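Summary of structural features
Letter by letter, the chains look like this.
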Amino acid sequence: MMKRTIQFFKQKAYEFRWAILSGILVGTSYIPFPPWALIFCYTPLWLYATEDSKSVKNSFWAAWVTQFLLSLIGFHWIAYTAHEFGQIPWSLSVVALLLFCAFMHLYIPVAVAAGTWLRLKFKLNAGPSLFIIAILQSLLERVWPVIFDWNLGYTFFWAKIPTYQLADIVGFLGLSSIVLLFNAWVGYIWLKQNFVKKALTQLSFLTLSFAALVGIGHFHGKEWNRFDREIKATIVQANIGNLEKVYAEQGKGYQEAITNKFVSLTAEAHQRFPGTDIFVWPETAFPDYLDQHLLGRKHTEILKQGLMQFGKPLITGAYSKDEKTDEKVDTSTFNGLFIVDAQTNNLDKPYRKTELLAFGEYLPFSERFPFLLKLLPFVSNFGRGNGPEIMTWNYRHEAIRWGGQICYEGLYPEFSRGLAKKGADILVNVTNDSWFGDHAEPYQHLYMTLARGIEVRRPLVRSTNTGISTAVLANGDVLQKSPLHQEWSGQFVIKYLHNSPLTFYTQWGHWDWVLLLLVLVTLITQGALHARSRRS
């Protein structure tokens, strides 16, 4: 029995060897790895689907192997998060990771299977089929529901390849489409390897095209070296442990210790950076309510006494709650973002987090079926805000409009586009990444968040509890980055353009899907007609 099982897996491993190779190539070309296989990582899988695969089923399972491996390599931190955040034993955390890898990126096998079906249905050649699969995957990754909305376009930014500067035109999903089309192009060249002259010609065009995108991105980015305002913002990173954060959220202590720690670190930062205009603390840094009608509580008084030492305003994450209109009905607690003066007075209404984390900040379907909350009482149940919203701070007789993002709201392009359309001068993202370890996720989350600043061409300030805290300017310059899991503070000179124009991407979003769809229909139609002419 054991011998037959081993023989079965050997056979499958050989059959899906190109799918396994693609999974490894994709996984090791994404953040935090160097982009060494960026333009050919999917090519082995797609060549198998267009040349060797005899059925839709085979293509699906080959691509499933690819997505499983790339998910395992790129998102192995899911196991750490399940253990650290959910307090799940390591054995079950590994099971949670394997389930994530099995189901989260099924758009990849769906695209490959659909491309195989079209190839078999219309008798298409392998060359056009490669580009059909690339376009199908590009379109599906834009609409497929995932927890961590990644794509290969971010790799340009991570690797400092200037092509990322074109994101204000097509977005990072548009850049991902370009990467996928280059993968198909490499596959097409491979198919033509026996025709040396044609293959070399295509390789030359590919190289020149990639170089052109790099050059165009470089010069396009320089067009955003336009600033007419600046402020000095100091980020305070207190490195609060997970246990302390949980107990503080549940009201079991640590609120006073955490507040005092942030106040103390801010006082030290003020001594180092006396010219600071505003301080920025991370998500739920202040472990209590900070609404105007709830001031005067013990911890807000501690905060007030601390802020009055240096008389500077503060942007901070905290909890928010509506005033009760009916004493018998408790209102929801919100994950909020506040801007307060040195007396803790709210300078504008707080922003309340809108995009909540499933199972972390809300229980899916609990609004319709409240009894689920009784079955799973350990799941937080935060209220949902009405973002995107702007917070205004009057500084030197001029209003500065801050576009608030809390945690992974920075991963949603539409959210930041909404902030830019509402007139945000500066984006501010507050995050707590302490649940994710220190290898991959902090870097992935960092660049996926900073990418929003490129798409809408607004500076973005990112304040985190455990790192990585930093800022990016509208021209794509990433400023100093904080260390991971250390107490730290740093001052950033945030240059910006008052009333900056809306980018093409901000106005039109992912407009390029229309072009991709037109090319897809054209490839299928021409391929089918060509196949019919061959048969006749």
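To be clear, the structure that these remarks concern was listed above.
Because the structure is predicted, anything quoted here is derived from the model rather than measured. (Residues numbered from 1 in each chain as written. Predicted model: local features only at pLDDT ≥ 70, side-chain atom pairs only at ≥ 80, totals over all residues. Heavy atoms only, no water.)

Moving on to the overall build of the chain. Scanning the chain from N- to C-terminus turns up 19 helices and 11 strands. Its C-alpha radius of gyration of 25 Å places the chain within 12% of the 24 Å reference for a compact globule of 536 residues. Summarising its shape, the C-alpha atoms of the chain cover approximately 85 × 60 × 40 Å along the three principal directions. A total of 536 residues make up the chain; the buried ones form 55% of that total. In the chain, 72% of the contacts between residues at least 6 apart in sequence involve partners at least 24 apart. Entry remark: accessible area of the chain is about 23,800 Å², with carbon and sulfur atoms responsible for 61%. If you average the places of the 50 positive and of the 41 negative side-chain charges in the chain, the two averages end up 13 Å apart. (Helix = DSSP H or I, 4+ residues; strand = E, 2+ residues; numbered from the N terminus. Rg over C-alpha atoms; globule rule 2.2 N^0.38 Å. Buried < 20%, exposed > 50% of the residue type's maximum accessible area, 1.4 Å probe, protein only. Contact = heavy atoms within 4.5 Å. Areas by Shrake-Rupley, 256 points an atom, 1.4 Å probe, with all protein chains shown as cover. Lys, Arg positive; Asp, Glu negative; His and termini not counted. Charge placed at Lys NZ, Arg CZ, Asp CG, Glu CD.)

Bringing helix 2 (residues 17-27) into the picture now. Along helix 2, the residues that are buried comprise A19, S22, G23, L25, V26 and G27. Contacts made by the buried residues of helix 2 are with helix 3 (43-52) and helix 4 (56-74).

So, about the sheet that holds strand 10 (residues 470-472). Pairing in this open sheet of 5 strands is mixed, and the strands run 6-7-8-9-10 from one edge to the other. The two strands at the open ends of the sheet, each matched to only one other strand, are strand 6 (390-395) and strand 10. Along the sheet, successive strands turn relative to each other by an average axial angle of 25 degrees, direction set aside. Note that strand 9 (residues 460-464) and strand 10 share 3 bridges and pair antiparallel. Looking at the pairing, V461 lines up with A471 of strand 10. Running at roughly 170 degrees to strand 7 (residues 398-406), helix 16 (residues 413-421) makes contact with strand 6, strand 7 and strand 8 (426-431) of the sheet. (Pairing = 2+ DSSP bridges. Axes fitted to C-alpha atoms, helices over the stretch in contact; angles between N-to-C directions.)

Our focus in this paragraph is the packing of aromatic side chains. Within the structure shown, the criterion is met by 34 aromatic pairs. Between W77 and F148, the ring centres sit 5.2 Å apart and the planes meet at 75 degrees, which makes this aromatic pair edge-to-face. Separated by 71 residues along the polypeptide, W77 in helix 5 (residues 77-86) and F148 in the loop between helix 8 (126-143) and helix 9 (154-158) bring together distant segments of the chain. Pair check on accessibility: W77 and F148 agree, each one buried. Put simply, the rings of Y30, F75, W77, F100, F148, W150 and F436 touch in pairs and so form one group of aromatic residues. Stacked on the ring of W224, the Lys or Arg R226 has its end atom at 5.0 Å from the ring centre. Against the face of F334 rests R352, its NZ or CZ located 4.0 Å from the ring centre. (Phe/Tyr/Trp six-rings, centres within 6.5 Å; stacked < 30°, edge-to-face > 60°. Lys NZ or Arg CZ within 6 Å of the ring centre and 35° of its normal.)

On the basis of which strands lie adjacent, the open sheet formed by 6 strands has the order 5-4-3-2-1-11 and mixed pairing. Unpaired on one side and paired on the other, strand 5 (351-352) and strand 11 (488-496) mark the two borders of the sheet. Across 9 bridges, the pairing between strand 1 (residues 229-237) and strand 11 is antiparallel. Along strand 11, the bridge assignment pairs Q237 with W488.

This brings us to the nonpolar core. Ranked by internal contacts, the top residues of the largest apolar core, which has 104 residues, are Y42, W46, W150, F157, F172, I231 and W402. The element best represented in this core is helix 10 (residues 167-191), accounting for 10 residues. Those residues in contact with W150, other than ones at most four positions away along the chain, are V26, Y30, Y42, L70, F75, H105, Y107 and M448. The next biggest cluster of nonpolar side chains, apart from the first, holds 24 residues, and it includes V236, F273, W281 and F338. (Core = buried A, V, L, I, M, F, W, Y, C linked by side-chain atoms within 4.5 Å.)

Within this structure, the stated rule accounts for 5 cavities of 30 Å³ or more. Quantified by volume, the largest cavity comes out at close to 70 Å³. If you trace the largest cavity, you find it lined by W224, R226, F227, D425, R457, R458, P459, A474, K495, Y496, L497 and S500. Of the volumes computed, that of the second largest cavity is approximately 60 Å³. Residue lining of the second largest cavity: D149, N151, Y154, F172, L173, L411, P413, R452, E455, Y505 and H510, and that is the complete set. (1 Å grid on protein atoms, 1.4 Å probe; cavity = no way out; pocket = protein on both sides within 12 Å on 5 of 7 lines; lining within 4 Å. Points joined across faces, edges and corners; volume = space filled by probe spheres on them.)

This part covers helix 8. Here helix 8 is 18 residues long and its end C-alpha atoms lie 26 Å apart, about the 26 Å a rise of 1.5 Å per residue gives. Of all the 18 residues making up helix 8, 14 are buried; the element is thus mostly covered by neighbouring parts of the structure. (Expected span 1.5 Å × (residues − 1).)

One pass over the full model with this rule turns up 11 salt bridges. Notably, a salt bridge pairs D322 with R352, separated by 2.8 Å at the nearest N-O pair. Of the two residues, D322 sits in the loop between strand 3 (314-321) and strand 4 (333-340) while R352 sits in strand 5, which places them 30 residues apart along the sequence. The partner of D433 in a salt bridge is R462, and the shortest N-O contact between them spans 3.1 Å. In this pair, D433 is assigned in the loop between strand 8 and helix 17 (441-456) and R462 in strand 9, connecting sequence segments 29 residues apart. Across this residue pair, the class does not change: D433 and R462 are buried. A network of salt bridges, in which partner residues are shared, links D228, R229 and E398. (Salt bridge = Lys/Arg side-chain N within 4 Å of Asp/Glu carboxyl O.)

A cluster of nonpolar side chains, W513, V514, L515, L517, L518 and V521, forms an exposed patch at the surface whose accessible area comes to about 540 Å². Mapped onto the secondary structure, L518 falls in helix 19 (residues 513-535). Taking the relative accessible area as the measure of exposure, L518 reaches 52% and is therefore exposed. (Patch = residues over 30% accessible without salt bridge, like charges linked within 9 Å, V, L, I, M, F, W, Y side chains within 5 Å.)

Turning next to the pairing of strand 3. Burial within strand 3 is extensive, with 8 of its 8 residues counted as buried. As judged from the 8 bridges shared by strand 3 and strand 4, these two strands associate in the antiparallel manner. Note that in strand 4 the partner of Y319 across the bridge is N335.

Turning our eyes to something else, we now look at the pairing of strand 7. Where strand 6 and strand 7 come together, 6 bridges link them in antiparallel fashion. Looking at strand 7, one finds that W393 is bridged to I400. Between strand 6 and the antiparallel strand that follows it, strand 7, lie 2 residues; R396 among them carries a positive phi value of about 55 degrees. Bridge count between strand 7 and strand 8: 5 bridges; the pairing is parallel.

It is the contact of helix 8 with helix 10, at a shortest axis distance of 9 Å, that shows an interaxial angle of 160 degrees. By the angle between their axes, helix 8 is roughly antiparallel relative to helix 10. Crossing handedness for the pair helix 8 and helix 10: right-handed. Between helix 8 and helix 10, the residues in contact are A126, G127, L130, F131, A134, I135, Q137, S138, E141 and R142 and L173, G174, S176, S177, L180, L181, A184, W185, G187, Y188 and L191, respectively. Residue composition of the contact of helix 8 with helix 10, grouped by class: 12 nonpolar, 7 polar and 2 charged. (Parallel < 35°, antiparallel > 145°, perpendicular 65-115°, else oblique. Left-handed = near helix turned anticlockwise from the far one by under 90°. Nonpolar A, V, L, I, M, F, W, Y, C, P; charged D, E, K, R; others polar.)

These values are about where atoms sit, not about what they do.
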